[in-house]
Structure formats: C-alpha cells, structure tokens
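# Observations on the three-dimensional arrangement
Here is what each chain is made of, one letter per residue.
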Amino acid sequence: MAERKLRFALFGNTFQERKAAAVQKLLAVLSAHGADLSVEATFYAFMTEGLQIRVPECRLLHNNDFEADFVVCMGGDGTFLDVASRVGSKQTPIIGFNMGHLGFLASFSPDDIEAVVAAVYSGDYRLEDHSVLQLSSDEDVLEGYPFALNEIAILKHDISSMIKIHTHINGEYLTTYQADGLIVGTPTGSTAYSLSVGGPIVVPQSQTMTLTPVAPHSLNMRPIVLCDDSEVELTVESRSHHFLVSVDGRSRSYDEGIHLRIRRAPYGVKVLVRPDHSYFSTLRRKMMWGADRRNR
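Residues numbered from 1 in each chain as written. Predicted model: local features only at pLDDT ≥ 70, side-chain atom pairs only at ≥ 80, totals over all residues. Heavy atoms only, no water.

It is worth spelling out the environment of phenylalanine 46 at this point. With respect to the secondary-structure elements, phenylalanine 46 resides in helix α2 (residues 41-50). Using a relative accessible area of 11% as the deciding quantity, one classes phenylalanine 46 as buried. Along the chain, phenylalanine 46 and threonine 14 lie 32 residues apart, while their C-alpha atoms are 6.1 Å from each other. (Helix = DSSP H or I, 4+ residues; strand = E, 2+ residues; numbered from the N terminus. Buried < 20%, exposed > 50% of the residue type's maximum accessible area, 1.4 Å probe, protein only.)

This is the structure:
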C-alpha cells in the first residue's frame, strides 16, 4: 500500500555550517517517503550555495503564504520562534530539530530524523497546543507581527533610567512597576527570558500568563501568575519619553503615553512531540536538575 502524500515546509537558520549532514539526512528521508517539499528561499540558498547540498525538486517559499501538512524547523529555539511567527494562525504542526544548545521548543535531535519522519507517516505522535499572546494598542501605532509564543516585554532603552509601567488587570489597577522592564509571558516562555530574571517555571497548557518585573526598584515586587483569559493593560512613563516593546525578541521603540493591551491570542501553536513526551523529564535534562557537577 502506497504511503499518503504529505506536504512539508522546511525552514532553518543560516548560521550553522555543521548542520550539513543533518540537512542531507532529512532531505534523503523525506525523498524516500515521496514527500512534497517546500523550502524557505533564504534557507534554500544557504543549503545550495553555502553548504553545497543538492536539494531534491521543491518549491521555494518567499513569504508566509504557504500550505503544508507539517512544518520542519532546523535550528535552536530562536529559529523556532521565527518559524512559529511564519506559521501564524495556520495551525500547522511544527517539528523542531534542535541544532542549537538548550532547545526547549526544538526538542528533537538530528539523530531522531528517521524515527520522527516515520512516526509522522504512521501517526505515532502527539500534538501539544501552546498558547500565544497578542499585543494591541488603543492608538493603533503598533508595527510588525503582534503575536508572541514566549513573551512580550516592555523595556527601557539601553542608556535611559528605569521606567514606570502602570499596570491594570481586567480594568483593575494592580501596581506601577518602577523597573528596567516588565515581561508578560506564556507558560512556554517561562523557561526563556522570564526565567533569567527570576520568573517562575510554568507547566505548558496550564492556561496562565505571568508578569515578571526586570530589575525592579523595590525588591518586594514579585512575579505574579494570572489566568490567561485576563487582559493586561499597560502605560509607560520614561525620562527619555520612549521605551522598547519586544515581541519574542523583535524590538521596536514607541513614545510614552500609548495604551498597550495584552491578551491571549485566538489561536495557539501546535508542536509535534513523541507520544511519551514528558515536560518534567525535559526540565530535569535541560536544566540539569539533580546533576552533581563536582564529579566532573
């Protein structure tokens, strides 16, 4: 019985020449299964010109207007975030092969390529739905893609003093953070920027969002966990009269006084994982919990 025809869209970063063997392996495995392949144009140029890889017949993707059954991401979590923004509201499952270091999102290793592709064709996998945050403004001044899989951060400019962030939750005043910034994060983003400034680790699919101040002036300003059906409203005061908004690392400068609103987006990001995937096992392995470094 012939295998069903599946469409794969391939994305990757262009900074890791050591990935050549993994890319060649993936292309060979997909070709052996008779997959219909599309490749992001910049990554295609990197493979053919930079890595000197012969790529099978495929379509080139020049924008986000594509259709696929699965999206394959080859890179670290930064690449995964970019790919998630390219997928947007399509709900196409993303398969992440980690070519970087930590890799919470891109959870498979290059050694898993054959097994993962076989699992996709046999249906032996599970999809996790990760919530996304949406940023909006009453003044309609926002630019770029206003959705974040990890976090939306309100930050001071590098050379400016701390900013004041007036914060309301569902219309009720919470507090004014005097700090270098404030991170509004998803459970997925709890192991990213938020964790580095003392935020809590939150289990994915817990239907929450977190507010984590960055270097607050008052040490009693602690992170808080909210239900993700909450709406967070923020206004900023700054001596420099402007501040940064970072959406999954994509930063833009805005003038103080605008009203920002953050809420859960109407769609999530689907991530393909093994049927026996365990978040707690991943935490122990990636965070090296319980490892005795004295034995090294």
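Here the narrative resumes, following the displayed structure.
Quick look at the sheet that holds strand β8 (residues 151-155) now. The strand order across the open sheet formed by 6 strands is β13-β12-β11-β8-β15-β16, and the pairing between neighbours is antiparallel. What marks the edges here is a single partner per strand, and that holds for β13 (224-227) and β16 (250-255). Sheet twist, expressed as the average angle between the axes of neighbouring strands with direction ignored, equals 20°. Summarising the sheet, β8 and strand β11 (residues 181-185) pair through 5 bridges and their orientation is antiparallel. From the neighbouring strand, isoleucine 154 faces β11, where its bridge partner is leucine 182. (Pairing = 2+ DSSP bridges. Axes fitted to C-alpha atoms, helices over the stretch in contact; angles between N-to-C directions.)

Pairing of strand β9 (residues 163-169) with strand β10 (residues 172-179) involves 7 bridges; the strand directions are antiparallel. Each bridged residue has a counterpart across the sheet, and for threonine 167 the counterpart in β10 is threonine 175.

So, to be careful, I would describe these as geometric facts and stop short of saying anything about function.
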